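The residues making up each chain are set out below.
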Amino acid sequence: MRQQISRLSIVFGVLLLALVLARHFLIPKSFGKIGHYRAAAVDAIAARKIKYAGHQACASCHEEIVKLHDDRRHRNVACEVCHGPAAAHVEAPTEIRLPAPKQRGYCPLCHGYDPSRPTGFPQIDPVSHNPLKPCITCHNPHAPETPHTPEECSACHGEIARTKAVSHHALLPCTGCHETQKQHKITPQLSRPSKPASRAFCGQCHGVDASSPKEIPRVDLATHGERYVCWQCHYPHFPELK
Ligand code: HEC
Ligand code: HEC
Ligand code: HEC
Ligand code: HEC
Ligand code: HEC
Ligand code: HEC
Ligand code: HEC
Ligand code: HEC
């Protein structure tokens, strides 16, 4: 028992000594002067070279591009997001040249389809969207608006279209359930298509006494999930329940 206590106290003694030595030799001199960190860090960080020039800096030499860019859909994507830090270029424009991301792989970093992005954000499937050509053959990076109004709903609602295509509703056109004005394809947020609002809407085809073709499965609206709208249980773009 005694022996063990003395062994333990040796261990603790060594640890304590190590701690005291470490405090003395390893902690920087300026630590604690102005709070719980190394005061000299402020000067060290301030002494670093500034790498970014800021958006305004470009306007003095690239006036036309800045004007165009600030007026279009990439207005909130700063020049240096795509061209990289530009402070050195501003100092010596002809010696320090900036890269331009011309390759096809770049734009999908933001525009590749990803279900976690907000639905309103323009997204494409890089595999099927006009493959092989670089994006900038059709989209001006400084004024990226689509070259013409999209024809198909799937140009912007790719995920819904792909889901519906393998469902029992594959043959129903989108516009059968959503009244859509032409303007929706030009300014989608401002012109909203309609959405079915009642059980009776689905009942047009699925109600027991509906006049729709016989192959369509029927339910009695009075007793089938009667307390909820249909799409609480059936996703309308993939209605089957497995
Ligand atoms: C002092 C004037 C000046 C400023 C400020 C300036 N540039 Fe430039 N930039 C130039 C000149 C001149 C060229 C052409 C260089 C050449 O062709 O040798 C150029 C070329 C470029 C190129 C094309 C490079 C290439 O190899 O084709 C890009 C991209 C660019 N600038 C981006 C920027 C961005 C972004 C900013 C703002 C952060 C900026 N520039 C600020 C003068 C400037
Ligand atoms: C979305 C990415 C993106 C943003 C944002 C962007 N650029 Fe570019 N920029 C490009 C690409 C890609 C090219 C190459 C275009 C080409 O070769 O056809 C380019 C080319 C250039 C060029 C040289 C070719 C030319 O068109 O004269 C300059 C200069 C330039 N950009 C400046 C700017 C400035 C200034 C801004 C901010 C106002 C800016 N860019 C914002 C992607 C971008
Ligand atoms: C840092 C992220 C980012 C990068 C990189 C980027 N974009 Fe964008 N893009 C945006 C944002 C943000 C918008 C505006 C979305 C909005 O208005 O709701 C946009 C809008 C667009 C639109 C407009 C879609 C429409 O319906 O009018 C197109 C097309 C586009 N970008 C193409 C490109 C191309 C081509 C590139 C590569 C040169 C590129 N983007 C790189 C963020 C990015
Ligand atoms: C051959 C020309 C062409 C090429 C190459 C191209 N696009 Fe498009 N893009 C279009 C057209 C046309 C539209 C309009 C929608 C449609 O009809 O598909 C469009 C639409 C878009 C949209 C808008 C979708 C929405 O939801 O508003 C984005 C974003 C986009 N393209 C990004 C890209 C990116 C990123 C690349 C490169 C990986 C690329 N495009 C390559 C022609 C092209
Ligand atoms: C240019 C791209 C584009 C095209 C083409 C397009 N949409 Fe949309 N749509 C959107 C955007 C963006 C929203 C808004 C998403 C958001 O804000 O959540 C939207 C929303 C919707 C909504 C939901 C409305 C709401 O209030 O919740 C429906 C339904 C819809 N679209 C149906 C269609 C149909 C049907 C077509 C084809 C006839 C179509 N869209 C074509 C971009 C487009
Ligand atoms: C059988 C009818 C039906 C068809 C066909 C249909 N939808 Fe819908 N859609 C609905 C209903 C019902 C809702 C409302 C769901 C809700 O409120 O939760 C909806 C919601 C939406 C929304 C809003 C966002 C979401 O996912 O809830 C969009 C966008 C949309 N539909 C687009 C489309 C597109 C594009 C097509 C064609 C590819 C299509 N719809 C085909 C019935 C349909
Ligand atoms: C224009 C007619 C029409 C409308 C409106 C319609 N459907 Fe359908 N529905 C069909 C057809 C056609 C089938 C496929 C029948 C088949 O596969 O033989 C179907 C299949 C179904 C199925 C069966 C899937 C299975 O597992 O067999 C369900 C569930 C369904 N729809 C729910 C709905 C809901 C919910 C709505 C309202 C948002 C709706 N439908 C609106 C025509 C319609
Ligand atoms: C509370 C959830 C719920 C609601 C609400 C609901 N359903 Fe169903 N539905 C189901 C379930 C679960 C099944 C599969 C089991 C069954 O056949 O009862 C089903 C099956 C179906 C079928 C396939 C029947 C067959 O014979 O293959 C159709 C069609 C259908 N529902 C349409 C609708 C329509 C139209 C509405 C709205 C009027 C609706 N459902 C509302 C849960 C619901």
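See the structure above.
The shown structure was predicted, so the numbers you read here are calculated from the model rather than taken from an experiment.

(A) Structural detail: the site of ligand 1. Around ligand 1, 16 residues are found, and the nearest of them are Cys58, Cys61, His62, His89 and Arg97. The side chain of His62 places a nitrogen or oxygen atom 2.8 Å from a nitrogen atom of ligand 1. Between His89 and ligand 1, the recorded distance is 2.8 Å, taken from a side-chain N or O atom to a nitrogen atom. Counting only elements with at least two residues in the shell around ligand 1, the list comes to helix H3 (56–59), helix H5 (79–83) and helix H6 (87–91). Taken together, the residues of the shell around ligand 1 sort by class into nine nonpolar, six polar and one charged.

(B) Summary view of the coordination of the iron atom of ligand 3. In this structure, His74 (NE2) and His111 (NE2) serve as the protein donors to the iron atom of ligand 3, at separations of 1.9 to 2.0 Å. What the six donor atoms of the iron atom of ligand 3 show is an angle range of 88 to 179° at the metal, which sorts the shape as octahedral. Residue His74 is found in the loop between helix H4 (63–71) and H5, and its partner His111 is found in helix H7 (residues 108–111); the two are separated by 37 residues along the sequence.

(C) Main features of unusual backbone geometry. With a phi close to 40°, Asn130 is a non-glycine residue in the positive phi region. With respect to the element layout, Asn130 can be found in the loop between H7 and helix H8 (158–165). The class of Asn130 is partly exposed, set by a relative accessible area of 48%. In this model, Leu132 sits at a positive phi of 80°, which is unusual for a non-glycine residue. Topologically, Leu132 is positioned in the loop between H7 and H8.

(D) Quick look at the coordination of the iron atom of ligand 4. Looking at the iron atom of ligand 4, the protein donor atoms are His129 (NE2) and His139 (NE2), and they sit 2.0 Å from it. For the iron atom of ligand 4, the six donor atoms in the first shell make angles of 87 to 179° at the metal, so the coordination geometry reads as octahedral. Here His139 lies in the loop between H7 and H8 and His129 lies in the loop between H7 and H8, a separation of ten residues in the sequence.

(E) Representation of the layout of surface pockets within the structure. In this structure, the second largest pocket occupies an estimated 170 Å³ of space. Its residues placed into classes, the lining of the second largest pocket shows six nonpolar, no polar and three charged.

(F) Representation of the pairing of strand S2 (residues 35–38). Strand direction decides the pairing type here: strand S1 (residues 31–32) and S2, joined by two bridges, are antiparallel. Pairing of Gly32 across the sheet is with Gly35, part of S2. Where S1 hands over to S2, the hairpin turn is made up of two residues, counted between the paired strands.

(G) Representation of the side chain of Gln123 in the model. Here Gln123 shows up in the loop between H7 and H8. There is a polar contact of 3.3 Å between the side chain of Gln123 and the backbone oxygen of Pro118. Each residue touching Gln123, except ones within four places of it in the same chain, is listed here: His111, Gly112, Tyr113, Asp114, Arg117, Pro118 and Ala155.

Cut-offs applied
Residues numbered from 1 in each chain as written. Chains lettered and ligands numbered in written order. Predicted model: local features only at pLDDT ≥ 70, side-chain atom pairs only at ≥ 80, totals over all residues. Heavy atoms only, no water. Near = heavy atom within 4 Å. Polar contact = N/O pair within 3.5 Å; in protein donor to acceptor, adjacent residues only side chain to side chain. Helix = DSSP H or I, 4+ residues; strand = E, 2+ residues; numbered from the N terminus. Nonpolar A, V, L, I, M, F, W, Y, C, P; charged D, E, K, R; others polar. Donors = N, O, S within 2.8 Å, 3.2 Å for Na, K, Ca; no water. Tetrahedral: all angles 85-135°; square planar, octahedral: opposite > 155°, others 65-115°. Buried < 20%, exposed > 50% of the residue type's maximum accessible area, 1.4 Å probe, protein only. 1 Å grid on protein atoms, 1.4 Å probe; cavity = no way out; pocket = protein on both sides within 12 Å on 5 of 7 lines; lining within 4 Å. Points joined across faces, edges and corners; volume = space filled by probe spheres on them. Pairing = 2+ DSSP bridges. Contact = heavy atoms within 4.5 Å.

These results come straight from atomic positions and should not be treated as a statement about function.
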